[in-house]
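Summary of the model geometry
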Amino acid sequence: MRDAYCGMIRKEDTGRTVTLAGWVFRRRDHGGLIFVDLRDVTGIVQVVFSPEISRQAHERAGDIRSEYVIKAVGKVERRPSETENLNIPTGEIEVYISDFEILNTCKVLPFQLEDEEIGEAVRLKYRYLDMRRPEVQKVFIERSKAYRVTRDYLLSKGFYEFETPLLTKSTPEGARDFVVPSRLNTGMFYALPQSPQLFKQLLMMSGFERYFQIARCFRDEDLRADRQPEFTQIDIEMSFVDREDVMSVNEGLIIALYEALKGKKPPEVPFPRMSYAEAMEKYGSDKPDLRFDLPIVDLTAIFLKTELGVFKKTIETGGAVKSFVLKGKTLSRKDLDTAVDTAKDLGAGGLIWIRKDAEGLQSPIVKFLSDEERSQMTSILGLEPGDVVFIMADKRPKVSDLMGRFRLHIGEKYDLIDRSLDKFLWVIDFPLLEYSEEEKRYVARHHPFTSPKEKLAGFEGDHESILANAYDLVFNGVELGGGSIRIHRMEDQSEMFRLLNIGEEEASDKFGFLLEALEMGAPPHGGIAFGFDRIIMMFLGLPSIRDVIPFPKTQKGSCLLTGAPSKVAQRQLNELKIKAIAD
RNA sequence: GGGGUCGUAGUUAAGCCUGGUUAUAACGCCGGCCUGUCACGCCGGAGGCCGCGAGUUCAAUUCUCGUCGACCCCGCCA
């Protein structure tokens with residue numbers, strides 16, 4: 001149909017007669033002369049309709065409108081020198097059209113493609129138009145590149161690519177399942193996979209040793225800027241490996257993706273590591289953003305004998321006093337009051353601020369502090385005039401979490417985040433278990449097949465002190481992925497179930513097939529899964545995961561383009577023996 | 001489940017706090033003119049259930065409540 005691409009024509013093609021096909025991007029009708037920017041997937045080129053070339057083509061070109069689809073034949077010519085457009089790659093030439101054909105017309109669009117400020121709802125309703133925009137197309141071309149880089153890298157490292165079932169078994173633990181009714185088995189349901197976790201472990205038991213899948217996963221939980229109910233993971237599992245093996249192979253994958261999408265090497269290789277304990281202590285988060293330094297300092301030791309009521313009470317009941325210092329910013333009394341309000345919005349009981357000036361420490365509470373407390377604070381925090389200390393006191397895990405979120409808020413608000421930096425971080429040594437208030441028992445922090453760093457047999461101590469052979473990769477404060485070395489022996493798995501308070505019957509009912517496989521020569525194995533969409537989003541510097549998914553869902557989980565989810569015909573429900581109990 | 005922001009021509013916004021005139025602008029659209037534009041230019045024109053419903057009021061785009069939708073966050077989720 002065509003023999004040249006719009007965006008590829010260069011001055012070297014001068015004199016060539018080309019047949020182009022594409023969309024009318026912009027039209028500049030001068031009456032006697034009509035310019036059209038013709039666009040295809042490669043870019044745009046200026047085509048000229050002139051009565052001196054073809055009276056008939058020029059006349060008909062008057063009817064052309066935005067986004068008409070045309071095929072046009074013409075001769076490539078150098079532009080007159082003063083009319084070159086150096087802002088576009090094809091700006092040195094133009095194509096004089098001798099004949100053209102309108103392949104399709106186009107109604108007036110609901111929004112202009114060149115308008116960058118269109119609301120997201122309109123863009124999603126007409127996503128196919130939104131994706132006509134070159135900047136949006138670029139995202140998905142980069143995404144396509146990322147698939148290829150992933151496959152090239154993993155295949156070159158001896159991995160085999162698999163597909164695992166989408167219609168699978170609902171398993172407890174983890175996220176809420178999307179459920180699919182089975183017509184052939186009335187009253188029974190499949191679940192869409194939250195991840196291919198159990199299948200990839202079974203493939204290790206099959207002896208493939210290195211598995212990967214670019215896998216669609218489903219989780220029926222509330223959406224966020226970086227969370228969609230269906231998303232894509234790079235899912236990986238390896239046999240006869242320890243933690244170092246998994247981390248180094250996968251660091252290589254992430255570096256390859258970073259280089260492909262950002263066109264440069266990551267700043268720090270190998271990626272630095274931090275224990276979960278340190279991350280929580282210093283940054284109040286298991287995914288610290290290291291692009292700004294605002295470390296949290298524990299002041300509990302200073303205030304062991306304090307007269308200040310809040311601190312005294314908190315410390316007596318086993319809580320902690322945490323702080324960080326904001327340097328180099330001038331905060332008014334109003335700014336400080338706003339900070340207190342923000343802290344309360346985050347869920348803090350309160351926030352204490354102390355300002356250091358030439359005379360000393362200024363704060364509503366400073367009169368309750370002893371001289372020693374003041375001087376210790378000044379020296380431990382290295383306070384200088386102009387600094388502001390923010391302090392919270394609360395129960396232990398809560399105060400870290402609150403300070404972590406407050407740290408992010410202050411970092412954001414006072415523009416402390418150096419956006420030119422990219423900070424990778426492996427977070428390791430996660431706790432194996434965490435207490436679930438809801439279920440009144442310990443649950444696996446990662447999943448129940450994660451191996452502990454030490455033997456569980458006979459363990460009777462503090463459940464929360466057991467560390468897991470697990471690792472997360474964090475990038476600029478966002479979790480890109482995580483994984484673990486798995487339990488591969490049945491006796492260790494039984495110990496794990498004992499700690500989780502899962503009975504033998506329940507275990508065999510829910511995961512029997514996996515447990516049986518463990519007893520039939522399961523090799524040591526471990527793996528990781530990365531959020532593919534998140535990687536694309538982060539490496540392209542985009543603010544939302546919706547920007548990198550062709551047809552994403554809104555925050556309420558609906559698709560504005562198709563109208564999903566929707567009601568289904570009564571006949572379909574009848575076949576499934578399903579009755580809706582609410583409208 | 002909870003907290004917050006937003007909803008006005010096709011699009012993006014102003015007006016609303018402090019109720020009352022023909023609801024304003026830009027882009028887009030339609031018609032006319034234009035042979036060197038590239039966000040072409042100039043002249044003229046059309047286009048509104050002010051998201052929806054109730055309430056307050058002589059009077060509501062404007063105030064109140066509810067509801068629907070979009071977005072951000074907490075819970076939830078790895």
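Residues numbered from 1 in each chain as written. Chains lettered and ligands numbered in written order. Predicted model: local features only at pLDDT ≥ 70, side-chain atom pairs only at ≥ 80, totals over all residues. Heavy atoms only, no water.

A few points about the overall build of chain A
Helix and strand counts for chain A stand at 15 helices and 22 strands. For chain A, buried positions account for 48% of its 583 residues. Considering only intrachain contacts with a sequence separation of at least 6, the fraction spanning at least 24 residues in chain A is 68%. Of the roughly 29500 Å² that chain A leaves accessible, carbon and sulfur atoms contribute 50%. In chain A, the 82 positive side-chain charges and the 93 negative ones have mean positions that sit 3 Å from each other. (Helix = DSSP H or I, 4+ residues; strand = E, 2+ residues; numbered from the N terminus. Buried < 20%, exposed > 50% of the residue type's maximum accessible area, 1.4 Å probe, protein only. Contact = heavy atoms within 4.5 Å. Areas by Shrake-Rupley, 256 points an atom, 1.4 Å probe, with all protein chains shown as cover. Lys, Arg positive; Asp, Glu negative; His and termini not counted. Charge placed at Lys NZ, Arg CZ, Asp CG, Glu CD.)

With respect to the sheet that holds strand E3 (residues 43-49)
Sheet strands pair by backbone hydrogen bonding; their relative direction is either parallel or antiparallel. Spatial ordering of the closed barrel is given by E1-E2-E3-E5-E4, a layout of five strands whose pairing is mixed. Put simply, the sheet's adjacent strands are angled 55° from each other on average, direction ignored. (Pairing = 2+ DSSP bridges. Axes fitted to C-alpha atoms, helices over the stretch in contact; angles between N-to-C directions.)

Considering helix H4 (residues 134-156)
For H4, spanning 23 residues, the distance from its first C-alpha to its last is 32 Å, which sits close to the expected 33 Å at 1.5 Å a residue. Three or more residues of H4 are buried, namely Val136, Val139, Phe140, Glu142, Arg143, Ala146, Val149, Thr150, Tyr153 and Leu154. Looking at the packing, one finds that the buried side of H4 touches helix H2 (120-125), helix H3 (127-130), strand E9 (210-218), strand E10 (230-239), helix H6 (243-262) and helix H14 (532-539). Looking one or two residues past H4, Gly158 carries a phi angle of roughly 85°, positive in sign. (Expected span 1.5 Å × (residues − 1).)

Observations regarding the state of the cysteines
Under the criterion given, the structure shown has zero disulfides. Cysteine Cys217 remains unbridged, with the sulfur of Cys559 as its closest cysteine sulfur at 20 Å. (Disulfide = S-S within 2.5 Å.)

Examining the protein's contact with RNA strand B
Around RNA strand B lies a shell of 47 residues, among which Asp29, Thr83, Glu94, Pro110 and Glu221 are the nearest. The contact atoms of RNA strand B, taken as those within 4 Å of the protein, divide so that sugar and phosphate hold 50%. A distance of 3.1 Å separates a phosphate oxygen of RNA strand B from a polar atom in the side chain of Arg65. Between a base oxygen of RNA strand B and a side-chain N or O atom of Arg227, the distance comes to 2.7 Å. Only strand E1 (17-29), strand E2 (34-40) and strand E5 (93-104) provide two or more residues apiece to the surface near RNA strand B. Top contributing element to the surface near RNA strand B by residue count: E1, with three residues. Per-class residue counts for the surface near RNA strand B are 11 nonpolar, 13 polar and 23 charged. (Near = heavy atom within 4 Å. Polar contact = N/O pair within 3.5 Å; in protein donor to acceptor, adjacent residues only side chain to side chain. Nonpolar A, V, L, I, M, F, W, Y, C, P; charged D, E, K, R; others polar.)

Here's the deal with the side chain of Arg123
Inspection of the secondary structure assignment puts Arg123 in helix H2. Given a relative accessible area of 18%, Arg123 falls into the buried group.

Remarks on the packing of helix H12 (residues 490-500) against helix H13 (residues 504-518)
Look at H12 against H13: their axes get within 10 Å of each other, and the N-to-C directions meet at 160°. Between H12 and H13, the interaxial angle falls into the category roughly antiparallel. Judged by the twist between their axes, the crossing of H12 over H13 is right-handed. Contacts between H12 and H13 involve Met490, Gln493 and Phe497 from the first element and Ala507, Phe511, Leu515 and Leu518 from the second. Taken together, the residues that form the contact of H12 with H13 break down as six nonpolar, one polar and no charged. (Parallel < 35°, antiparallel > 145°, perpendicular 65-115°, else oblique. Left-handed = near helix turned anticlockwise from the far one by under 90°.)

Brief notes about the pattern of salt bridges
Taken as a whole and judged by the stated rule, the model has 47 salt bridges. Residues Glu142 and Lys145 are paired through a salt bridge, measuring 3.3 Å at the closest nitrogen-oxygen approach. Here Glu142 pairs with Lys145, and both are found in helix H4, just three residues apart, close to one helical turn. A residue is classified by how much of its surface remains accessible, and Lys145, at 27% relative accessible area, is partly exposed. With its nearest N and O atoms 2.3 Å apart, the salt bridge here joins Lys510 to Glu506. (Salt bridge = Lys/Arg side-chain N within 4 Å of Asp/Glu carboxyl O.)

Topic: a nonpolar patch on the surface
Together, Tyr5, Met8, Val41 and Ile141 make up a nonpolar patch on the protein surface, roughly 400 Å² of accessible area in all. Considering the arrangement of structural elements, one finds Val41 in the loop between E2 and E3. (Patch = residues over 30% accessible without salt bridge, like charges linked within 9 Å, V, L, I, M, F, W, Y side chains within 5 Å.)

Here we look at the nonpolar core
By size, the foremost hydrophobic cluster in this structure holds 45 residues, and its most contacted members are Ile234, Ile236, Ile254, Leu257, Phe424 and Phe539. For this core, the leading source of residues is H6, giving nine residues. Ile487, Met490, Leu499 and Phe511 belong to the second-largest nonpolar core, a separate cluster that totals 35 residues. (Core = buried A, V, L, I, M, F, W, Y, C linked by side-chain atoms within 4.5 Å.)

Here's the deal with H12
Residues that lie three or four places apart on an α-helix share one face, since the helix turns once every 3.6 residues. For H12, the complete set of buried residues consists of Met490, Gln493, Met496, Phe497, Leu499 and Leu500. Next to the buried residues of H12 lie strand E18 (433-436), strand E19 (441-444) and H13. Asn501 sits one or two positions beyond H12 and adopts a positive phi of about 65°.

Thoughts on the domain arrangement of chain A
Under the domain assignment, chain A is made up of domain 1 (6-104), domain 2 (137-263 + 434-548) and domain 3 (292-417). When each unit is reduced to the centre of its C-alpha atoms, the spacing between domain 2 and domain 3 is 38 Å. (Domains from an automatic or database assignment.)

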